[in-house]
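# Coordinates in review
Here is how the chains run, residue by residue.
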Amino acid sequence: MFKLSRSTVFLTTLFTSILLATIIVILLFATVSESLTSKAQYSKRAARSAPIALLTGPQSNQEDVYTQALNEAAADFPHALQVALTGIKIVNGCHPYLLKTNNSCVWGAYDSYGWAADGSHDQQLQDTVWVSSEAIASGAGIDVLLHELSHALVDQVLANCEALPTSNSYKQLLVDAVSDLGIDESATEVLADLLALYFGKYFFDWDISTMHTSYVDVEEIPYRVNALMGAAVHRCITLVF
Ligand SMILES: [Zn+2]
């Protein structure tokens, strides 16, 4: 029979205590790291809902509900995309210069220069993206917004992002690849539609066959162009912002 000496009892108690203490420490650590993880996820969600600057422009159909819809759509953008577009102001309305010169309210516009109605430069209008209330009312507002923001991304981010090991920018590579598709439209317009479809599919997990794009059909996106857009977005937006 096993003899319990005083020292055996002491050692057994000591061992049990150390074991219990270790278990408690492990459990405590697990709880703390779990709450840290949910905290990190929570801050990610909070950052995601931070609104992009939103203004209201001249309207042919002024209703706050459209500005609100646009604001909500922009706030739902992935964080990296929002940060990449921090310098861009989103406006619900008709671009004043295009309204004057075309005598109509275009559904969407990207203005990097800042064109005032009289053709002069207006600092306030520089780096603006416009989505009209008509576009939102028709149900195409978010697609128009993505198309115009894609113009801004191409000009302000992809143009300054080198596609290593080449010495070209991702903008240049994408414009070349899109030109090769032989679509009878300007390459930058087709590219803006392609990027809108790309974000719809991979950032928002939408059924892109229901998206409104004017320059390209979903079936027209070859794999190599999709892969190049993926590389550009990953390298120039997701990793950087
Ligand atoms: Zn366009």
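Just above, that's the structure.
So, here is what we can say about the structure in this document. Keep in mind that this is a model prediction, so the values were computed, not measured. Position numbers for residues count from 1 along each chain, tracking the sequence in the order it is written. Reporting in this predicted model follows two pLDDT cut-offs: at least 70 for local features of residues, and 80 or more for side-chain atom pairs to be given and counted; totals over whole chains, interfaces and linings ignore these cut-offs and use all residues.

In this section: the overall build of the protein. Counting its secondary structure elements, the protein contains 9 helices and 4 strands. When the helices and strands of the protein are listed from N to C terminus, the series reads α-β-α-α-β-α-β-β-α-α-α-α-α. The contacts in the protein between residues at least 6 apart in sequence include a share of 62% that link residues at least 24 apart. Comment: elements are numbered from the N terminus, with helices defined as DSSP H or I runs of at least four residues and strands as E runs of at least two. Each residue gets a C-beta atom placed from its backbone, and two residues are in contact if those atoms lie within 7 Å.

Here we come to unusual backbone geometry. Each neighbour pair has its own omega, and for L164 with P165 the value is 5°, a cis peptide bond. Note on placement: P165 falls in the loop between helix 6 (141-156) and helix 7 (170-179). If you check the backbone angles, N103 has positive phi at about 55° while not being a glycine. With respect to the helices and strands, the residue N103 is situated in the loop between helix 4 (96-102) and strand 3 (108-111). As a rule, residues whose C-beta atom has 12 or fewer other C-beta atoms within 10 Å are exposed, those with 20 or more are buried, and those in between are partly exposed; C-beta atoms are placed from the backbone. With 7 C-beta atoms counted inside 10 Å, the residue N103 sits in the exposed group. At D127, a position not held by glycine, the phi torsion is positive, near 55°. Mapped onto the secondary structure, D127 falls in the loop between strand 3 and strand 4 (128-131).

Another point: the nonpolar core. Residues L153, L191, L194 and L195 are the most contacted members of the largest nonpolar core, which totals 50 residues. Among the elements that take part in this core, helix 8 (residues 187-203) stands out by supplying 9 residues, more than any other. Put simply, a nonpolar core is buried Ala, Val, Leu, Ile, Met, Phe, Trp, Tyr and Cys residues tied into one set by C-beta atoms within 7 Å.

This part covers the packing of helix 7 against helix 9 (residues 223-238). Where helix 7 meets helix 9, the axes come as close as 10 Å, and the angle between the chain directions of the two elements is 165°. Comparing the axis directions of helix 7 and helix 9 gives the class roughly antiparallel. In this structure, the crossing between helix 7 and helix 9 has a hand that is left-handed. Residues Y170, L173, L174, A177 and V178 of helix 7 form the contact with helix 9, whose participating residues are R224, V225, L228, M229, A232 and C236. Under this grouping Gly is polar, as are all residues other than the nonpolar Ala, Val, Leu, Ile, Met, Phe, Trp, Tyr, Cys and Pro and the charged Asp, Glu, Lys and Arg. Per-class residue counts for the contact of helix 7 with helix 9 are 10 nonpolar, no polar and 1 charged. Lines are fitted to the C-alpha atoms to define the axes, a helix being fitted only along its stretch in contact, and any angle between axes, read from their N-to-C directions, falls within 0 to 180 degrees. Under this scheme an angle from 65 to 115 degrees is roughly perpendicular, one under 35 degrees roughly parallel, and one over 145 degrees roughly antiparallel; angles in between are oblique. Here a crossing is called left-handed whenever its near helix is offset anticlockwise from the far helix by less than a right angle, and right-handed whenever the offset is clockwise.

Quick look at the packing of helix 8 against helix 9 now. As a packed pair, helix 8 and helix 9 sit with axes 11 Å apart at the nearest point and diverge in direction by 75°. When the axis of helix 8 is compared with that of helix 9, the two are roughly perpendicular. Facing L194, L195 and Y198 of helix 8, the residues of helix 9 in contact are V225, M229 and V233. The residue makeup of the contact of helix 8 with helix 9, split by class, is 6 nonpolar, no polar and no charged.

Of the two faces of strand 3, the one carrying G108 and Y110 and the one carrying A109 and D111 are both buried. Sheet topology places strand 3 next to strand 4; 4 bridges connect them, and they run antiparallel. Bridge pairing links Y110 to V129 in strand 4. DSSP-based pairing: two strands are paired if at least 2 bridges between them are found.

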